[in-house]
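Coordinate inspection notes
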Amino acid sequence: MSYSIIQPPFTLKFRDMSADELKSYRRWFLEAIPSRIIELQSALSSDPNFKDWKPEYSQASIEALGLWLSHQVETRPRSAEEVDRIKGRAAFDFDVSSEELTNRTFSLAVDAGMYFGETLRSHYPHLEWAQLLKNKKLANFGQMVLLNFGRQPSIRSESL
């Protein structure tokens, strides 16, 4: 079975998105989680070594996913234009890698992140998905993150 790369209906240039676009992105992200976890399960199931992997929100499932994911990372060569564009945006001179992760690799990372987040939420229900919108200088501005990792009463004895 082929893996379907995630296709957000947004530019993902979060600092350039309007308030309405950011709100729509949040809604899309939360609605996409179940289908992306199914897509991730399908991708693992197509590998004979991981055909029995299930998204059971366990430590073992996270460990297996990490092992599988480490063998899925692919890169592609960057064009000279891409390298120049990156250098042109930088405030100081540095070497730019001649390779870039593929869209498939980025997509798998997003899917794995969604699954990891949902695994944490299943063990720690006080965690919640949130969108950081107050400071455009934040690296995660506009993106979905988990919050409430501070001190909380112990809810479950299982650990991840």
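For the structure itself, consult the block above.
Now for a quick tour of the structure. What you see is a predicted model, and the numbers here were worked out from it, not measured in a lab.

Quick look at unusual backbone geometry now. For Leu12, which is not glycine, the phi torsion reads 70 degrees and is therefore positive. Within the secondary structure layout, Leu12 lies in the segment before helix H1 (19-45).

Within this structure, the stated rule accounts for nine aromatic pairs. On the basis of an interplanar angle of 85 degrees and a centroid distance of 5.8 Å, the ring pair of Phe10 and Tyr25 is categorised as edge-to-face. Placement of Phe10 in the segment before H1 and of Tyr25 in helix H1 is noted, with a sequence separation of 15 residues between them. The exposure class assigned to Tyr25 is buried, which follows from its relative accessible area of 7%. When the centroid spacing of 5.2 Å and the interplanar angle of 70 degrees are considered together, the rings of Trp53 and Tyr115 count as edge-to-face. Placement of Trp53 in the loop between H1 and helix H2 (59-70) and of Tyr115 in helix H4 (residues 103-123) is noted, with a sequence separation of 62 residues between them. Tyr115 sits in the buried class, given a relative accessible area of 0%. Taken together, the ring pairs in this structure connect Phe10, Phe14, Tyr25, Trp28, Phe29 and Trp129 into an aromatic cluster.

What the largest pocket holds in volume is close to 310 Å³. Residue lining of the largest pocket: 17 residues in total, with Tyr25, Phe29, Val110, Gln143 and Met144 positioned closest to the centre. At the level of secondary structure, the elements contributing two or more residues to the lining of the largest pocket comprise H1, H4 and strand S4 (144-147). With five residues, the top contributor of residues to the lining of the largest pocket is H4. Split by residue class, the lining of the largest pocket holds 14 nonpolar, three polar and no charged.

Next up on the list: helix H3 (residues 80-89). Within H3, burial applies to Glu82, Val83 and Ile86. Angular distribution of buried residues about the axis of H3 spans 100 degrees; they occupy a single face of the element. Those residues of H3 that are exposed and angled more than 90 degrees off the buried face are Ala80, Glu81, Asp84 and Gly88. The inward-facing, buried residues of H3 abut strand S1 (75-77).

Calculation notes
- Counting from 1, residues in each chain are numbered in the order their sequence is written.
- Totals for whole chains, interfaces and linings use every residue, but because this is a predicted model, local features are given only for residues with pLDDT of at least 70 and side-chain atom pairs only at 80 or more, for both listing and counting.
- For the side-chain quantities, the full set of heavy atoms in the structure was used; hydrogens and water were omitted.
- Strands here are runs of E lasting at least two residues and helices are runs of H or I lasting at least four, both read from the DSSP assignment and numbered beginning at the N terminus.
- Aromatic contacts are taken between Phe, Tyr and Trp rings whose centres are within 6.5 Å, Trp giving its six-membered ring; a plane angle under 30 degrees counts as stacked, one over 60 as edge-to-face, and the others as tilted.
- Exposure categories follow from relative accessible area, calculated using a 1.4 Å probe and restricted to protein chains: below 20% of the type maximum is buried, above 50% is exposed, and the middle band is partly exposed.
- A 1.4 Å probe that fits into a set of points on a 1 Å grid over the protein atoms alone but cannot get out defines a cavity; an open set with protein on both sides within 12 Å along at least five of seven lines defines a pocket, and lining residues are those with an atom within 4 Å of a point.
- Grid points are joined across faces, edges and corners, and a volume is the space filled by probe spheres set on the points.
- By the convention adopted, Pro, Cys, Tyr, Trp, Phe, Met, Ile, Leu, Val and Ala count as nonpolar, Lys, Arg, Asp and Glu as charged, and the other residues, Gly among them, as polar.
- Summarising the geometry, the arc corresponds to the directions from the helix axis toward the C-beta atoms.
- The contact definition used throughout considers only heavy atoms, calling two residues in contact when any of these lie within 4.5 Å.

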